[in-house]
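Fold and geometry: a report
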Amino acid sequence: MSIKHGLLALLREEPKYGYQLRGEFEAATGATWPLNIGQVYTTLTRLERDGLVRAASTEADGRSMYEITDAGRDELNSWFQTPVTRESRPRDELAIKLALALAVLGVDVSAVVQRQRAATMQSLQELTRLKRSDRDGEISWLLVLESMIFSAEAEIRWLDHCESILLRHRGRPAKQVQPSADTAEVSQ
């Protein structure tokens, strides 16, 4: 999710200060994506530059209240109507880590998989406890929490799959990363 669209969504109903936006963003996402206030104000500055928000008023203490513009509403509506593509999601650091572990000599890939499985299992247990203890929570937090639970479960299944592939290919030499001609020229 982009911070940009999150802030636009929070401004949809009424003008707000940066600190209000940060608090409401964290409340809506269950603080799973904590924002520092600098991120909020940097994003608001860009949104204002792009004509998606404007300063509604400035208080005597210098705080600006922001409101969404018609162009911002159009952008927000477009965002809500457009499915999130697999390609637009952040890189999967774990998949990259395992691919590189296979490509580099001397890395015990099975140990990397086992450590990750243990950490993901612990995270899954903590998320499940959170879900059980938060019976009357907001539906937005529940959706975020369940997304995290499903992601952790999927990661564990994928790690099991990785381990079975590693067992099937045990003893076969892994392809090592060879520097390309361009890289070799640069290093000389």
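Residues numbered from 1 in each chain as written. Predicted model: local features only at pLDDT ≥ 70, side-chain atom pairs only at ≥ 80, totals over all residues. Heavy atoms only, no water.

With respect to the overall build of the protein
Defined as follows: A helix here means a DSSP run of H or I that spans at least four residues, while a strand means a run of E at least two residues long, and both kinds are numbered starting from the N terminus. Relative accessible area decides the class of each residue, using a 1.4 Å probe on protein chains only: under 20% of the type maximum gives buried, over 50% gives exposed, and in between gives partly exposed. By definition, residues are in contact when any of their heavy atoms lie within 4.5 Å. What sets the accessible areas is the Shrake-Rupley method with a 1.4 Å probe; for residues, cover comes only from the shown protein chains.
Scanning the protein for helices and strands turns up eight helices and three strands. Ordered by position from the N terminus, the helices and strands of the protein form the series α-β-α-α-β-β-α-α-α-α-α. When burial is assessed residue by residue, the protein has 26% of its 188 residues classed as buried. Taking the contacts inside the protein whose residues are at least 6 apart along the sequence as the reference set, 56% of them involve residues at least 24 apart. In the form shown here, the protein has an accessible surface area of approximately 12900 Å², with 53% of it arising from carbon and sulfur atoms.

Concerning the sheet that holds strand β1 (residues 16-17)
Let me state the cut-off plainly: Pairing between strands requires that DSSP locate at least two bridges from one strand to the other. Here an angle of 0 to 180 degrees is reported between the N-to-C directions of two axes, which are lines fitted to C-alpha atoms, with helices fitted over the stretch in contact.
What the three strands build is an open sheet, ordered β1-β3-β2; its pairing is antiparallel. On the outer flanks of this sheet lie β1 and β2 (53-58), each paired with one strand and no other. Pairing between β1 and strand β3 (residues 64-68): two bridges, direction antiparallel. Within β3, the position partnered with K16 by the bridge is Y66. Here helix α3 (residues 37-49) sits on the sheet and contacts β1, β2 and β3; the angle it forms with β2, its principal contact strand, is near 110°.

Some remarks on a nonpolar patch on the surface
Keep this limit in mind: Each patch groups residues whose relative accessible area exceeds 30% and which form no salt bridge, using 9 Å between like charges and 5 Å between nonpolar side chains of Val, Leu, Ile, Met, Phe, Trp and Tyr. In the sections that follow, a salt bridge refers to a side-chain nitrogen of Lys or Arg positioned within 4 Å of a carboxyl oxygen of Asp or Glu.
Together, I139, L142 and L143 make up an exposed nonpolar region whose accessible area comes to about 300 Å². The topology assignment puts L142 in helix α7 (residues 139-168). Overall, L142 belongs to the partly exposed group, its relative accessible area being 33%.

Examining the nonpolar core
Definition in use: The term nonpolar core refers to a set of buried residues drawn from Ala, Val, Leu, Ile, Met, Phe, Trp, Tyr and Cys, joined through side-chain atoms within 4.5 Å.
Counting 17 residues, the largest nonpolar core has L7, L8, L11, L21, V40, L44 and L47 as the members making the most contacts within it. Elements that contribute at least two residues to this core include exactly α1 (3-11), α2 (18-28), α3 and β3. With sequence-adjacent residues up to four places away left out, L11 is seen in contact with K16, L21, L44, V53, Y66 and I68. Ranked by size, the runner-up nonpolar core spans nine residues in total, among them A101, V109, L159 and C162.

Description of the confidence of the model for the protein
For the record, the criterion: As a per-residue measure, pLDDT reflects the predictor's confidence and takes values from 0 up to 100.
Looking at the protein, pLDDT values average 83 and 84% of them are 70 or higher. Per-element confidence in the protein is highest for α3, whose mean pLDDT is 95, and lowest for helix α8 (residues 181-187), whose mean pLDDT is 45.

Considerations on helix α5 (residues 93-103)
Three or more residues of α5 are buried, namely L94, L98, A101 and A103. Lining the buried residues of α5 we find α6 (109-133) and α7.

Some points on α1
Among the nine residues in α1, seven count as buried, and that is most of the element. Along α1, the positions that sit buried rather than exposed are I3, H5, G6, L7, L8, L10 and L11. Against the buried residues of α1 lie β1, α2, α3, β2, β3 and α4 (70-81).

Section: the packing of α5 against α7
Formally: What sets the label is the angle itself: under 35 degrees gives roughly parallel, over 145 gives roughly antiparallel, 65 to 115 gives roughly perpendicular, and the rest give oblique. Note: crossing handedness is left-handed where the near helix turns anticlockwise from the far helix by less than a right angle, and right-handed where it turns clockwise. When residue character is reported, Ala, Val, Leu, Ile, Met, Phe, Trp, Tyr, Cys and Pro are called nonpolar, Asp, Glu, Lys and Arg charged, and the others, Gly included, polar.
α7 packs onto α5 with a crossing angle of 15° between their chain directions and a minimal axis gap of 12 Å. In terms of their interaxial angle, α5 and α7 are classed as roughly parallel. The way α5 lies across α7 gives a crossing that is right-handed. Listed contacts from α7 to L94, A95, L98 and L102 of α5 are E155, W158, L159, C162 and L166. Of the residues assigned to the contact of α5 with α7, the class counts are eight nonpolar, no polar and one charged.

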